Amino acid sequence: MSKLYIFGIGGTGARVLKSLTMLLAAGVECGVDTIVPIIIDRDMSNKDLSRTKLLIEDYIEVNKIAETKGKNKFFKTKIELLNNELCLQLKDNTQKFDDFIGKSTMSRENQALVEMLFSNETLELDMTAGFQGNPNIGSVVLNQFDDNDIFKAFATDFSKGDKIFIISSIFGGTGASGFPLLRKILHTPNVKGADGQDLPNWGLVNEAWIGAISVLPYFVVGSATDNSLVNSDTFIDKSRAALSYYKTEDKKLDTLYYIADKRTTTYDHHKGGDEQKNDAHFVELASALAVLDFVNPEKEKTNIHRNTEEKIEQTTYKEFGINSDVTEISFNDLVDETKKLLINPLSRFMLFRNYMTIVFDKESKYQPYAHKRFNNDFRKNETIKKLEAVQAQFYNWLQEMERQNRKFSPFNLTSSSAFDFVKGEISINKSKDFIYRNWAKVDNELNFQIGKTDKSLKNEEQFIELFYCTTEELINFKN
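Keep in mind that what you see is a predicted model, and the values were worked out from it rather than measured.

1. Here's the deal with the packing of helix 15 (residues 438-449) against helix 16 (residues 459-474)
With their axes 9 Å apart at the nearest point, helix 15 and helix 16 run at an angle of 125 degrees to one another. Relative to helix 16, the element helix 15 lies oblique. The handedness of the crossing between helix 15 and helix 16 is right-handed. Here Lys441, Val442, Glu445, Leu446 and Gln449 of helix 15 come into contact with helix 16, specifically with Leu466, Phe467, Cys469, Thr470, Glu473 and Leu474.

2. What about the pattern of salt bridges?
Under the criterion given, the structure shown has 28 salt bridges. One salt bridge in this structure joins Asp58 and Lys386, with 3.3 Å as the shortest N-O distance. Taken together, the residues Asp58 in helix 2 (residues 47-66) and Lys386 in helix 14 (residues 382-402) connect sequence positions 328 residues apart. By relative accessible area, which is 28% here, Lys386 ends up partly exposed. Residue Arg379 pairs with Asp361 through a salt bridge whose shortest N-O separation is 2.8 Å. Here Arg379, found in the loop between helix 13 (336-359) and helix 14, pairs with Asp361, found in the loop between helix 13 and helix 14; they are 18 residues apart in sequence, far enough to count as distant.

3. Structural notes on the pairing of strand 2 (residues 34-40)
The element strand 2 is extensively covered by neighbouring structure, given that seven of its seven residues are classed as buried. The sheet contact formed by strand 1 (residues 3-9) and strand 2 spans seven bridges and is parallel. Within the sheet, the bridge partner assigned to Phe7 lies in strand 2 and is Ile38. On the question of chirality, the crossover connecting strand 1 to the parallel strand 2 by way of helix 1 (residues 10-25) is right-handed. Across two bridges, the pairing between strand 2 and strand 3 (residues 78-79) is parallel. Each residue of the ladder has a partner; that of Ile35, found in strand 3, is Ile79.

4. Observations regarding the sheet that holds strand 7 (residues 255-259)
Taken in spatial order, the seven strands make up an open sheet running 3-2-1-4-5-7-9, and their pairing is parallel. In this open sheet, the two edge strands, each paired with only one partner strand, are strand 3 and strand 9 (316-319). As judged from the four bridges shared by strand 7 and strand 9, these two strands associate in the parallel manner. Opposite Tyr257, over in strand 9, you have Lys318 as the bridge partner.

5. Some remarks on the packing of aromatic side chains
Here the structure, examined in full by the defined rule, presents 35 aromatic pairs. For the ring pair Phe352 and Phe467, a centre distance of 4.6 Å and an interplane angle of 20 degrees mean the geometry is stacked. Taken together, the residues Phe352 in helix 13 and Phe467 in helix 16 connect sequence positions 115 residues apart. Of the residues examined, Phe352 reaches a relative accessible area of 0% and is grouped as buried. Stacked on the ring of Tyr395, the Lys or Arg Arg353 has its end atom at 3.8 Å from the ring centre. Across from the ring centre of Phe419, 4.9 Å away, lies the NZ or CZ of Lys441, which sits over that ring.

Cut-offs used in this document
Residues numbered from 1 in each chain as written. Predicted model: local features only at pLDDT ≥ 70, side-chain atom pairs only at ≥ 80, totals over all residues. Heavy atoms only, no water. Axes fitted to C-alpha atoms, helices over the stretch in contact; angles between N-to-C directions. Helix = DSSP H or I, 4+ residues; strand = E, 2+ residues; numbered from the N terminus. Parallel < 35°, antiparallel > 145°, perpendicular 65-115°, else oblique. Left-handed = near helix turned anticlockwise from the far one by under 90°. Contact = heavy atoms within 4.5 Å. Salt bridge = Lys/Arg side-chain N within 4 Å of Asp/Glu carboxyl O. Buried < 20%, exposed > 50% of the residue type's maximum accessible area, 1.4 Å probe, protein only. Pairing = 2+ DSSP bridges. Right-handed = clockwise from strand over helix to strand, strands pointing away. Phe/Tyr/Trp six-rings, centres within 6.5 Å; stacked < 30°, edge-to-face > 60°. Lys NZ or Arg CZ within 6 Å of the ring centre and 35° of its normal.

Here it is as structure tokens:
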């Protein structure tokens, strides 16, 4: 079974992983069997991270009923956590940067040198909320990557043919510093753990195909209401400086993706913690598509250029674009390849969510498929509760993307009808001439499909298989 290990660095890394999880829940095609996410962030309490963590935990539970060996693609790709942990927790939890570098124990001469290199404001920085846009201190603190139990578990778990992908922003502190440091460690021979022993399988890690996306500015922040050092006026300059340095990464990565958006949204300014909760953005969804592009077996000849000795001969550089510079993106504004990848899975999952929310408990007399199977206490089942929790998060994710200055708005989210929720002149329905209309059409298909569902499956497994087969039968957009 092939695995993709995804290192999501900083807040952007967590938010892109959230979008990727939404796509996998909807059944978007993935070129590997298993995704192994690892989030690296100094700020363990930020809300963006905790929301992603909850989503992934719910996804993992639903995936247990999704592997039906039938047609189902909802939640089909396995997500696996190393040591049952999502976050690579740095062992040093020193709060202030000057304490981390041990300034007080230095000689007077070395203290003077430190004071030349770092301002008092930087030395006094409280790092529990991250590096607040300071890649210079991030590059110092994040050198603990390999001294970690999850990193050792990553090496132990790694097998020949597994791949690696790194997600980071370029305009902050954690991502801009963490990406080149992590890449360097992944390519360093004979890395040792905290016990002084060589990490297992490290030769396989050194040789693995590795892709990355570097996210350029796509939002700005307002004026600080606390003592945050983040200043979005410096985002562009920091990006230019980082891009200049990233030139040295040529031929050290197989594929490097870039993305940005000039039509920025202004977020409230919070330096981190529980108040850092940014709305989802289309840039994060598109960044998740970069992950899927990298592992797409049909893209291998485009993405990977290695010689017979498995040395990288050329780095492939890719950017993401839409058909025109619109303020509201629908499916029709996506290039055909992206549209084809997204429209059926997202529309089918949306229909599934809408049925559960609008119809499921209201018209039981029209639902013979549910009798003695999916009624009474069925929705109290813990896995079904997790499924509906992901559907609720999916709906909120779409709502959040509609609130951006550049909206992603493919659906009419307020529609209570079965088939008019996709915006634009798009027909998602198969061309059969049914006598049934609206939700009766869905009920009729559910009643038909239950007779074809594998009766050896457990009740919850039958349920997700049934709804995938029904939505696949009802929704089949073709270019």
